[in-house]
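Listed below, chain by chain, are the residues.
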Amino acid sequence: VDDELLTEMLIKIVFQTRKAEEIVTSVRSYAKEQKLKKSPLSVNEVVTEAVKDFTSTLQDYPLQIEFEEDPRSPICSLAPLEFELAVFNLLKNAKEALKAQKADEPKVFIKISSGETHCFVDISDNGAVISDSDFERMGSVFKSGKASGLGIVLERGKNGGLVCRIRLPILNAQ
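Residues numbered from 1 in each chain as written. Predicted model: local features only at pLDDT ≥ 70, side-chain atom pairs only at ≥ 80, totals over all residues. Heavy atoms only, no water.

Digging into the pattern of salt bridges
Note the threshold: A side-chain nitrogen of Lys or Arg and a carboxyl oxygen of Asp or Glu constitute a salt bridge if their distance falls within 4 Å. Burial classes follow relative accessibility: with a 1.4 Å probe on protein chains only, a residue under 20% of its type's maximum area counts as buried, one over 50% as exposed, and anything between as partly exposed. Helix and strand labels come from DSSP, where a helix needs a run of H or I of at least four residues and a strand needs a run of E of at least two; each type is numbered from the N terminus.
Under the counting rule described, the total for this entry stands at 3 salt bridges. A salt bridge links aspartate 70 to arginine 72; the shortest N-O distance between them is 4.0 Å. The exposure class of aspartate 70 is buried, given its relative accessible area of 4%. A salt bridge links aspartate 122 to arginine 165, with the shortest nitrogen-to-oxygen separation between them at 2.7 Å. Taken together, the positions of aspartate 122 in strand β5 (residues 118-125) and arginine 165 in strand β7 (residues 162-169) put the pair 43 residues apart, joining distant regions of the chain. The partly exposed category is assigned to arginine 165, whose relative accessible area is 28%.

And the structure:
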């Protein structure tokens, strides 16, 4: 193994160790019932980090990822680790669904967009069309009667697969 490759591998190990440490700290704070620490962050940057982390796990599967950032680079109040993990898990779920369906050319699409008051993170895949009963069963997990709600919507894709939309209020939106 040459020095350059070894250095790159060590950097990845250090990064993953730090990420694991952040996760453990976060889980401990849940156990102590502490509030999540949110701060103003670029949604583009946090999602980019989640995509990078997810892409590093794809050695065993030929998944194509198309990622479109919002040129306005919206800033939202986020708990960075938790939001990154949520995006990572949605990407992982899409991959697992495509793998289970044995999709010919599996693709996941990530698009960040924004309006005047909200930012949207859409994660979709090119999986098979989902039956009404399966969609109803999945959708019931996301239903909320609260006005504030979860900020997550699950929809059927136009040509199959699913679209998960995360809605976040933009900081200082007028």
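After that view, the rundown keeps rolling.
Focus on the state of the cysteines
Going by this rule: Disulfide: a pair of cysteine sulfur atoms within 2.5 Å of each other.
A complete count under the given rule lists 0 disulfides for this structure. Note on cysteine 76: no disulfide assigned, nearest cysteine sulfur contributed by cysteine 119 at a separation of 4.6 Å.

Describing the packing of aromatic side chains
Any pair of aromatic rings gets described here by the distance separating the centres and the angle formed by the planes. Under the convention used in this document: Only the six-membered ring of Trp is used, alongside the rings of Phe and Tyr, when aromatic pairs are assigned; centres must lie within 6.5 Å, and planes under 30 degrees apart are stacked while those over 60 apart are edge-to-face, with the rest tilted. As a reminder, the over-ring test applies to NZ of lysine and CZ of arginine, requiring each to be within 6 Å of the ring centre and within 35 degrees of the ring normal.
As enumerated under the stated definition, the model contains 1 aromatic pair in all. Plain terms: the ring middles of phenylalanine 54 and phenylalanine 88 are 5.7 Å apart, the flat faces sit at 80° to each other, and that makes the pair edge-to-face. One end of the pair, phenylalanine 54, is in helix α2 (residues 43-55); the other, phenylalanine 88, is in helix α3 (residues 80-100), and 34 residues separate them in sequence. Residue phenylalanine 54 shares its accessibility class with phenylalanine 88, and that shared class is buried. The ring of phenylalanine 120 has arginine 165 lying over it, and the distance from NZ or CZ to the ring centre is 4.4 Å.

What about α3?
As a reminder, the rule being used: One less than the residue count of a helix, multiplied by 1.5 Å, gives the span that helix is expected to have.
With 21 residues, α3 ought to run about 30 Å at 1.5 Å a step, and its terminal C-alpha atoms sit 30 Å apart, in line with that. Taken together, the buried positions of α3 are occupied by Leu81, Glu82, Phe83, Glu84, Val87, Phe88, Leu91, Ala94, Lys95 and Leu98. Following α3 by one or two positions, lysine 102 has its phi on the positive side, about 55°.

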